[in-house]
Every structure is written in structure tokens, then in C-alpha cells.
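# Overview (structure and organization)
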Amino acid sequence: MILVGDIGGTNTRLAIYSGSPGRSAAPLAQSVQPSREHARFEDIARAFLGSWQGARPTVAVLGVAGPVREGTAKVTNLPWKLEERALQKALGIRRVSLHNDLVVGARGCLAAPATSLEPLTRKRPDPHGQHLAVIAAGTGLGEARLIWDGSRHLALGTEGGHCDFAPQTPLEIEIWHFLSARFGNHVSYERVVSGAGLGALYDFFASRGGREPSRVTRRLAQGDRNEGIAELGLARASRATARAVDLFVTIYGAEAGNMVLRELALGGVFVSGNIARKLVLPRSELFLEGFRRKGRFSELLTEVPVAVVTDPLIGVLGALQIARERRGEAKGTARRPRAVRTG
């Protein structure tokens, strides 16, 4: 048995699969738990394994929303620290492997069926022969590279979401100053392109636009505030929510285009995560506008394929690919791993 997981700042997804080659990709058991409601990842994992009546998993591959160094990971937007050896002992699993969550997500994108991709361009990303990029806004902003080495892709994690936000217009310069006053002199792309970033953009526009309609303030007081901004912005319920959503999607596209230029990811870009499904798909023209607005390289960007990943379990799928490779490697039957955990 194989335990796989996608550990994020919002949700932790776990599943148990058969490790046998050729077996169905359907999980034997699965669970989704709100991460912030638990003090430690181990509490979620123990409860999940305790409810499983089958054989104990012998291999675990876990994607973590944060950098992984020498078998240790700290979740960027949670007070959780994970360590491979400690997890092996705590969970009774022989081999635990931690990877950056965008690394496992990138591996999942390579294995995703066409039905899990919604192309924004005429062509879909080409998984053969060229570099690819993966970007996913959620609680934070994750980025990964799929580097073609001549025979296969290497999935390389990054912390590119924490690079400096580069405003492109006078309005965006004002937003930089607004965010700088809130967060200090370092304003990263994650401060703009994330769930909290959408909320910050709304705060900026609301501070400039006067009083919001009562139905807007009522909705934002109920449930998840950032989800409310997304919902109201798509419905054009107020000028502030609409402008926040539109600029969010445009800057999201701009950073995706930056990834293409940095990596020469001419094979295409996979845009993953719940925010992409909710906001990028209905505002795809704004995403592509930001994506392609690259001066002398605008024409090059028009040729790069882009697709939104619609499967919320893409990280779990990627972790399963890595786990089955690692299990086969231990038996001397697998090809070389294609995932690199750095980042």
C-alpha cells in the first residue's frame, strides 16, 4: 500500500492506493481535512490511517506547501514542521518522502488526462520535448519548472512566488505602496496573487471608491471573505470587487508569462489550483493579456500554450506517480525518478 498526500495551507488531502503496477488509479481510501483546524500534520495522518482497515502503507510520498531541505519541510502558511524520519516513526511507515507541493503537482500535470485540462489557447501544453511551467495560486503562490533533459522531464520546485512584485502601470505602483505599508518593503507576487492577495486588492479599491453596497458588505461578513470577493467580483456586484478580480487575473497572467521567459518554457504553462478554476477560466482574456504583454517578446508569448488544470487532486496524482517510481526503484525495477525535491 502507498500513502500519498498534498499538504496545503488550506486543506490536507490524503489517499491510500495500491502500489501494484497496472492497478487502477482509483484510491482505496481518501480524506480531505481543513489544515488550520489541526495543530500538527501527524494528527490528521494518524486519524486517517486509524480509519483504514487494510494493510499498512509501506511507502508515503507527501507534497508540502513550502521548501524541502534535507528531508525537512516547514509549511509556509502554517506553523507545521515535517521531518521524514520523525514521520516514519510516528506513522509506522517504512519510507516517507517529502516534496515541494508544486513538484508533485507538476508530476500530476504530466500524467493528467485531456479531460482534466481546459485550454485557454488554441494548443494545449506539449508534454514532450520542451520545458514547461506550472503555477498555482491558493493560500500562497506556488511555482515549479518541468525541465526537459532530452529524454524526460525533471520536476524542479521553486519559491518563485516570493520574488519581488514588479508593478507595470501607475495603478500597480500605487498598489505596491499600499501593500508595502501593510507588509513592509518586500512585496512579493504572493502578496498579490493568492487568496489573501485578492483580499488585499479589494481593500485597495474599496479604500478609493467610497462606501460599498450593503449587499456586498453583508456577503463579505459571511463565510470566507476572499471567496465572497471572487463571487461578487465575477458578478460585477460592485466596482471595487470587479476591479480587484480583474486586476488579480491580469497580474496572475503576467507572472505566468514571467515564468515562461525565465525558463523558456515554450512547451506551455499549466495553471493549477482552485482560484484558477474559479477566476482564470471566466476571465481568461485578462489572464492572456497579462501573460502576453512582454514588450519585445510579446509575439513569442502568443505562441505558448496555456491550460487550466481542473482536477483538484492533481497533487495527489503526482505524488502517486512518484511513490510508484520509488517503490519500483527500491525493488530495482523502476526508471530513474523524475522529481527533484529542492525548493
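Here is what the cut-offs are and how they apply
Per chain, residue numbering runs from 1 following the sequence as it is written. The model is predicted, so local features are restricted to residues of pLDDT at least 70 and side-chain atom pairs to those at 80 or more, both for listing and for counting; the totals for chains, interfaces and linings are taken over all residues. Side-chain metrics rest on all non-hydrogen atoms present in the structure, leaving aside hydrogens and water. Within this document, salt bridges are pairs made up of a side-chain nitrogen of Lys or Arg and a carboxyl oxygen of Asp or Glu, the two lying within 4 Å of each other. Under the scheme used here, helices are H or I runs from DSSP no shorter than 4 residues and strands are E runs no shorter than 2 residues, and both carry numbers assigned from the N terminus. Accessible area is worked out with a 1.4 Å probe on protein chains only. A residue is then buried under 20% of its type maximum, exposed over 50%, and partly exposed in between. With axes taken as lines fitted to C-alpha atoms, and helix axes fitted only over the stretch in contact, angles between N-to-C directions fall between 0 and 180 degrees. The sense of a crossing depends on the near helix, which, turned anticlockwise from the far helix by less than a right angle, makes the crossing left-handed and, turned clockwise, makes it right-handed. Two residues qualify as a contact provided that any one of their heavy atoms is within 4.5 Å of a heavy atom in the partner residue. Here the term charged refers only to Asp, Glu, Lys and Arg, the term nonpolar to Ala, Val, Leu, Ile, Met, Phe, Trp, Tyr, Cys and Pro, and the term polar to all other amino acids, Gly among them. Strand pairing is defined by DSSP finding a minimum of two bridges between the two strands. Within this scheme, the nonpolar core is defined by two criteria: the residues are buried Ala, Val, Leu, Ile, Met, Phe, Trp, Tyr or Cys, and they are joined through side-chain atoms within 4.5 Å. Each helix should span, by expectation, one fewer than its residue count multiplied by 1.5 Å. The reported arc concerns the directions from the helix axis to the C-beta atoms and nothing else.

## Let's talk about the pattern of salt bridges
A full pass over the atoms with the stated rule returns 13 salt bridges. The salt bridge involving Asp203 is made with Arg225; its shortest N-O contact spans 2.5 Å. In this pair, Asp203 is assigned in helix α5 (residues 195-209) and Arg225 in helix α7 (residues 225-234), connecting sequence segments 22 residues apart. Owing to a relative accessible area of 32%, Arg225 belongs among the partly exposed residues under this scheme. Each of Glu143, Glu255 and Arg262 takes part in one network of salt bridges that share partners.

## What to know about the packing of helix α1 (residues 41-51) against helix α2 (residues 84-91)
As a packed pair, α1 and α2 sit with axes 11 Å apart at the nearest point and diverge in direction by 35°. Crossing handedness for the pair α1 and α2: right-handed. Contacts from Phe41, Glu42, Ala45, Arg46 and Leu49 of α1 reach α2 at Leu87, Ala90 and Leu91. Split into classes, the residues belonging to the contact of α1 with α2 amount to 6 nonpolar, no polar and 2 charged.

## Some details on the pairing of strand β1 (residues 2-7)
Of all 6 residues in β1, 6 are buried; the element is thus mostly enclosed. Neither face of β1 is left uncovered, since the one carrying Ile2, Val4 and Asp6 and the one carrying Leu3, Gly5 and Ile7 both have all their residues buried. Looking at chain direction, β1 and strand β2 (residues 11-17) are connected through 6 bridges and run antiparallel. Residue pairing across strands places Gly5 opposite Leu14, the latter belonging to β2. Here β1 hands over to β2 after 3 residues, the two strands then running antiparallel side by side. Bridge analysis of β1 against strand β4 (residues 59-64) gives 6 bridges, and the strand direction is parallel. Within β4, the residue paired with Ile2 across the bridge is Val59.

## With respect to the sheet that holds strand β5 (residues 68-69)
By definition, the strands of a sheet pair up through backbone hydrogen bonds, in either a parallel or an antiparallel sense. Read from one edge of the open sheet, 3 strands run β5-β6-β7, paired in antiparallel fashion. In this open sheet, the two strands that pair with only one neighbour each are β5 and β7 (81-83).

## Focus: the environment of Ile16
Structurally, Ile16 is set in strand β2. As for Ile16 and Leu49, which are separated by 33 residues in sequence, their C-alpha atoms are 8.9 Å apart. Setting aside chain neighbours within four positions, we find Ile16 in contact with Met1, Ile2, Leu3, Pro27, Leu28, Ala29, Phe48, Leu49, Trp52 and Pro57.

## Considerations on the nonpolar core
In terms of nonpolar packing, the biggest core is built from 51 residues, with Phe248, Tyr252, Val271, Phe287 and Phe291 touching the most fellow members. With 11 residues, the top contributor of residues to this core is helix α8 (residues 239-263). Contact partners of Tyr252, with chain neighbours within four places excluded, come to Ile135, Ala136, Ala137, Val193, Val271, Ser272, Ile275, Ala276, Val280 and Phe287. If you look at the next biggest cluster of nonpolar residues, it comprises 26 residues, including Leu3, Ile16, Leu62 and Ala65.

## A short note on the sheet that holds strand β8 (residues 95-100)
Taken in spatial order, the 5 strands line up as β3-β2-β1-β4-β8 in an open sheet, and their pairing is mixed. Pairing within the sheet leaves two strands with one partner each, and these edge strands are β3 (29-34) and β8. Pairwise comparison of adjacent strand axes, ignoring direction, gives a mean angle of 15° for this sheet. Relative to β3, β2 is paired through 6 bridges, and the arrangement is antiparallel. Within β3, the residue paired with Arg13 across the bridge is Val32.

## Overview of helix α4 (residues 170-183)
For α4, which comprises 14 residues, the first-to-last C-alpha distance of 20 Å matches the rise-based estimate of 20 Å (1.5 Å per residue) to within 8%. Taken residue by residue, α4 has Glu172, Ile175, Leu179 and Ser180 as its buried positions. With its buried residues spanning 140° around the axis, α4 presents them on a single face. Relative to its buried face, α4 has exposed residues pointing more than 90 degrees away, namely Pro170, His177 and Ala181. On its buried face, α4 sits against α5 and α8. With its phi angle positive at about 100°, Gly184 sits one or two positions after the end of α4.

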